[in-house]
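Okay, here's what each chain looks like letter by letter:
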Amino acid sequence: MASTTHLQFYLTRAAQAGAEADAATLEHVRERCRRSEAAWTALADRAARSEELRIAQEKLKAAQVHD
């Protein structure tokens, strides 16, 4: 699914930003990377919730068809 692909992309970017923050020697760079990590993580959380809702909707529709 496209949503799963997006989720994986967001998680990968969050991990990359976290690694860059860990490696940063300058405080402002580290802070920028942490903000980026938080933003990517928030996007991943939203994508995961959207995927869960989509699956729940599909199950509900399937159950209604069988009724």
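Please refer to the structure higher up on the page.
These lines cover the structure that appears in this document, whether it is placed above or below. (Residues numbered from 1 in each chain as written. Predicted model: local features only at pLDDT ≥ 70, side-chain atom pairs only at ≥ 80, totals over all residues. Heavy atoms only, no water.)

**Comments concerning the pattern of salt bridges**
Consideration 1: Applying the stated criterion to the full structure yields five salt bridges.
Consideration 2: The salt bridge involving E51 is made with R54; its shortest N-O contact spans 2.5 Å. Residue E51 and its partner R54 are located together in helix α2 (residues 27–66), separated by three residues, close to a single helical turn.
Consideration 3: E51 sits in the buried class, given a relative accessible area of 12%.
Consideration 4: Of the residues examined, R54 reaches a relative accessible area of 25% and is grouped as partly exposed.
Consideration 5: For E58, the salt bridge goes to R54, with nearest N and O atoms at 2.3 Å. Of this pair, E58 and R54 both sit in helix α2, separated by four residues, roughly a single helical turn.
Consideration 6: Overall, the relative accessible area of 42% leaves E58 in the partly exposed class.
Consideration 7: Counted as one network, the salt bridges with shared partners bring together D22, R34 and E37. (Salt bridge = Lys/Arg side-chain N within 4 Å of Asp/Glu carboxyl O. Helix = DSSP H or I, 4+ residues; strand = E, 2+ residues; numbered from the N terminus. Buried < 20%, exposed > 50% of the residue type's maximum accessible area, 1.4 Å probe, protein only.)

Without other data, these values stay purely geometric and don't point to any function.
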